[in-house]
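Read off the chains here:
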Amino acid sequence: MTESTTIRWEQDRTGVVTLVIDDPRQSANTMNQAFRDSLAVVTDRLEAEKDTIRGVIITSAKKTFFAGGDLRDLIRVTPETAQDLFDGGMALKRQMRRIETLGKPVVAAINGAALGGGYELALACHHRIALDAPGSKIGCPEVTLGLLPGGGGVVRTVRLLGITDALLKVLLQGTQYNPRRALENGLVDEVADTREDMLARARAFIDAHPESAQPWDRPGYRIPGGTPAHPKFAANLPAFPANLRKQTGGAPYPAPRNIMAAAVEGAQVDFETAQVIEARYFVELAAGQTSKNMIQAFFFDLQAVNSGANRPQGIEPRKVTKVAVLGAGMMGAGIAYACARAGIDVVLKDVALESAVKGKGYSEKLCAKAVARGRTSQEKADALLARITPTAEAADLAGCDAVIEAVFEDTSLKHKVFQEIQDVVAPDALLCSNTSTLPITALAEGVERQGDFIGLHFFSPVDKMPLVEIIRGERTGDEALARAFDLVRQINKTPIVVNDSRGFFTSRVIGHFINEGVAMVGEGIEPASVEQAAAQAGYPAKVLSLMDELTLTLPRRIRLESKRAVEEAGGTWTPHPAEAVVDRMVDEFGRPGRSGGAGFYEYGEDGKRAALWPGLREHFTRAGHEIPFRDMQERMLFSEALDTVRLLEEGVLTSVADANIGSILGIGFPGWTGGVLQYVNGYEGGLPGFVARARELAERYGERFAPPALLVEKAEKGEVFTDAR
Ligand code: NAI
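Every chain is numbered on its own, with residues counted from 1 as its sequence reads. With the structure being a predicted model, the display of local features is reserved for residues of pLDDT at least 70 and the display and counting of side-chain atom pairs for 80 or more, all residues being used for whole-chain, interface and lining totals.

Enquirer: How should I be thinking about the overall build of the protein in this particular structure?
Expert: Only runs of H or I of at least four residues qualify as helices and only runs of E of at least two qualify as strands under DSSP, and these elements are numbered from the N terminus. Secondary structure assignment for the protein yields 30 helices and 18 strands. The globule rule is 2.2 Å times the number of residues to the power 0.38, and the radius of gyration it is compared with is taken over C-alpha atoms. Whereas a compact globule of 725 residues would reach a radius of gyration of roughly 27 Å, the protein reaches 28 Å, a difference of no more than 12%. Projected onto its principal axes, the C-alpha positions of the protein cover 85 × 65 × 55 Å. Every one of the 725 residues in the protein was classed for burial, and the buried ones make up 48%. Residues are scored as being in contact if the C-beta atoms we place from backbone atoms lie within 7 Å. The contacts of the protein with a sequence gap of at least 6 include a subset with a gap of at least 24, amounting to 73%. A residue is called partly exposed when the number of other C-beta atoms within 10 Å of its own lies between 12 and 20, exposed at 12 or fewer, and buried at 20 or more, with C-beta atoms placed from the backbone.

In structure tokens form, the structure reads like this:
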């Protein structure tokens, strides 16, 4: 290899070499073989021609600076190929080390996003200047994929920022900073407004520092804030394990643990040894199952879902300009905010003007908070608020090209409000309902244009929750589905698409999680253990507290409706053991949940959750009745996974990526699993292992754990759940 194919060498008369990364085969520069080869070639040349070179600028010709490692390669690493990954990683690190110790100033001119490997490359330079380009992000998000920055990112951030800041600001949260915030937090040294400005600043640095070296290569260097051996630092050390527990809830996320170990161990040894330590911890993560799960979900599945793998083809994308939101309660107010934030005009309608104004007040509060925290300007907040018009008059909805209904959960009321407005809005307006449980096909019967009617299920709180579940009714047209998809993307949320069914995907599956937790209380298991099992499995909300939030009467009402529907269709209803517990809680003890001031928990005067209700132990707990902790956790995880497989069988779900993303972003299925079906794929022993375990749980805890036919069939054929065809 004598030629660099992805890094252009541009040398000016003053001896400044600009290395322009520009992979001709891809739209973004990645850490592929061509890049590695090119880096070796340019590094050789830099060393050979050192006497004629004054300094080096590294930049890129793409929109992003450098995209880092190719995740398609990483997801295929196995324990058998781990040594190759280690060797390759060390070779790359030696290459970057040669640049950093060249003896000439090297500046990273970060012209766009520098995340992961891109930021690591910049860290190997002596000076970092970021262009303040819109959407440009800087940081080390590896932890969010179950990995750590294995290209020197741990070693160098610890030496640049000190161990505490490196861990808390860069490594453990994986925060992606915009250029200004990257500057404030010490990730870069300067921010430039234009590309010319950036390059001029780079030259100025080279002029001012003819013999540059990294701080850690200078005599007398000490890690900022001291190493763990340093008495001042030792005071911080005890806080880290607690922080770690706080971040993971005790759930099996190996990445934060490895990051911390690589940082703490690496801080006590020389640079080269620290690089080896980092590589070992990196390879351990890359060869393990969790990083594969997380890469599958947060990279591949998320991309598939957002890019419209499930959107009908051949329909021109359309943008909504004016939306009618019907009902200004908790959900309607949140939906109005999300739409206005995306630049859409909103008419927010409730029965009384006063309620609509109150609904707009919610946006006012969110805007004030965003301004106070510096996340937006007063000007932008004012513009957002100006887009929301509260009203009680149907006539004000004229010209709306989309309607999102969020009135009380009641079929005849929903029919009535659509009747009121369908002739006022644009004649082809998209008609959406935010129902969380009512079947869309039946709701559609209340409108004239059933082909334009669709379910758009938001999650609470709308401003924070990234998912929207789109529900296609039997008569929903392709055009409506495509427009609903486009609308969800327009407001920067992630759309999954499912077919109509009672509870759709998310409400139905989360019901299994809750039922399983409640059933365990009914069996006599200590309620505090049930809560702990959910937390340590990685669920963001404990199961009994979640039940209280939803209120016990709501699932009961839904259950009674479902029961009636099943029986009307000639079927038999199989009661879940949780039902008896809920009935006793409501009827016998008068504890309907948080909104009623009493549920599985007790609540203070201020509505704040206090302790678990002691009556639970008195009325339900059987002293000494215990089941293995693993069984408790897997009963929750399996109950959701098994029903998801049934939803695939029933054709309610049509995509594995939608199931995985919907489960994590919508209903809190633990992220380390990669989502509800990736959990099945990645289970010990694969699908056959999962089937065997499901049968074991069925024998111990009830037929509801029996594996569905589709699962058994796939396990027998040696297949996994995937959308790849
Ligand atoms: P809410 O009770 O907070 O708000 C309902 C609003 O609708 C009230 O402001 C009420 O005055 C208004 N309303 C009633 N009749 C109306 C009419 N004829 N015209 C205009 N407005 C009318 O209820 P919430 O929680 O916002 O729920 C609304 C819908 O969203 C329900 O279908 C619910 O199932 C669904 N949903 C709720 C979620 C939640 O977490 N609360 C999550 C997802 C969906």
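Let's pick the thread back up.
Enquirer: In this structure, what is going on with the sheet that holds strand E9 (residues 322-326)? I would like to understand it.
Expert: Through backbone hydrogen bonds, the strands of a sheet pair up, either in parallel or in antiparallel fashion. With respect to topology, eight strands assemble into an open sheet ordered E11-E10-E9-E12-E13-E14-E15-E16, the strand pairing being mixed. Strands at the two margins of the open sheet, each flanked by one partner only, are strand E11 (388-391) and strand E16 (494-499). Across this sheet, the average inter-strand angle for adjacent strands is 25°, counted without regard to direction. The pairing criterion for strands is at least two bridges between them, as found by DSSP. Here strand E12 (residues 402-405) runs beside strand E13 (residues 430-433); their pairing, made up of four bridges, is parallel. Paired with Val 403 across the bridge in E13 is Leu 431. Between the N-to-C directions of two axes lies an angle of 0 to 180 degrees, each axis being a line fitted to C-alpha atoms and, for a helix, fitted only over the stretch in contact.

Enquirer: Looking at this structure, how should I read the confidence of the model for the protein?
Expert: Interpretation of the predicted coordinates at a detailed level should be avoided for regions scoring low in pLDDT. pLDDT runs from 0 to 100 and stands for how confident the predictor is about each residue. Across the protein, the average pLDDT comes to 94, with 99% of residues at 70 or higher. Quick note on the complex model: pTM equals 0.92, ipTM equals 0.95.

Enquirer: Where do I start with the sheet that holds strand E8 (residues 190-192) in this structure?
Expert: With mixed pairing, six strands are arranged side by side in an open sheet as E1-E2-E3-E4-E6-E8. The open sheet terminates on both sides in strands that have one partner only, identified here as strand E1 (7-11) and E8. Across the sheet, the mean angle from the axis of one strand to that of its neighbour is 20°, orientation sign disregarded. Summarising the sheet, strand E3 (residues 55-60) and strand E4 (residues 106-110) pair through three bridges and their orientation is parallel. Its bridge partner being in E4, Ile 58 is matched across the sheet by Ala 108.

Enquirer: Would you explain the packing of helix H5 (residues 153-161) against helix H11 (residues 254-266) in this entry?
Expert: Any two packed helices are characterised by how steeply their axes cross, that is the angle between the axes, and by the distance between the axes. Contact geometry for H5 and H11: axes closest at 9 Å, N-to-C directions at 55°. On the basis of their axis angle, the class for H5 and H11 is oblique. Between H5 and H11 lies a crossing of right-handed hand. Between H5 and H11, the residues in contact are Val 154, Val 155 and Val 158 and Ile 259, Ala 262, Ala 263 and Gly 266, respectively. In the scheme used here, Gly and all other residues not listed as nonpolar or charged are polar, with Ala, Val, Leu, Ile, Met, Phe, Trp, Tyr, Cys and Pro taken as nonpolar and Asp, Glu, Lys and Arg as charged. In terms of residue class, the contact of H5 with H11 is made up of six nonpolar, one polar and no charged. Our angle categories are set so that under 35 degrees counts as roughly parallel, over 145 as roughly antiparallel, 65 to 115 as roughly perpendicular, and the remainder as oblique. Two helices crossing with the near one rotated counterclockwise from the far one by less than a right angle form a left-handed crossing, whereas a clockwise rotation gives a right-handed crossing.

Enquirer: What is the right way to look at helix H23 (residues 553-568) in this model?
Expert: For an α-helix, 3.6 residues make a turn, and residues three or four places apart therefore share a direction. Working rule for helices: expected span equals 1.5 Å times residues minus one. In this model, H23 (16 residues) spans 22 Å end to end at C-alpha, consistent with the 22 Å of a helix rising 1.5 Å per residue. With its phi angle positive at about 90°, Gly 570 sits one or two positions after the end of H23.

Enquirer: Looking at this structure, I do not really get the nonpolar core. What am I missing?
Expert: A general trend in soluble globular proteins is that nonpolar side chains are found buried together. Joining buried Ala, Val, Leu, Ile, Met, Phe, Trp, Tyr and Cys residues through C-beta atoms within 7 Å gives a set, and that set is a nonpolar core. Grouped together as the largest cluster of nonpolar side chains are 216 residues, with contacts concentrated most on Ile 110, Ala 263, Val 403, Ile 470 and Ala 484. Among the elements that line this core, the one with the most residues is helix H26 (residues 629-649), at nine residues. The residues contacting Ile 470, other than those within four sequence positions of it, are Ile 454, Gly 455, Leu 456, Leu 481, Ala 484, Phe 485, Val 488, Pro 495, Ile 496 and Val 497.

Enquirer: Looking at this structure, how should I read the site of the ligand?
Expert: Surrounding the ligand, one finds 24 residues, the nearest of these being Gly 327, Gly 329, Met 331, Ser 436 and Ser 460. Mapped onto the shell around the ligand, the elements with two or more residues apiece are helix H14 (330-341), helix H17 (411-421) and strand E14 (453-458). Broken down by element, the residue count for the shell around the ligand peaks at three residues, all from H14. Here the shell around the ligand is built from residues that sort into 12 nonpolar, nine polar and three charged. Nearness rests on one distance test: the residue's C-beta atom, set from the backbone, must lie within 6 Å of the molecule or strand.

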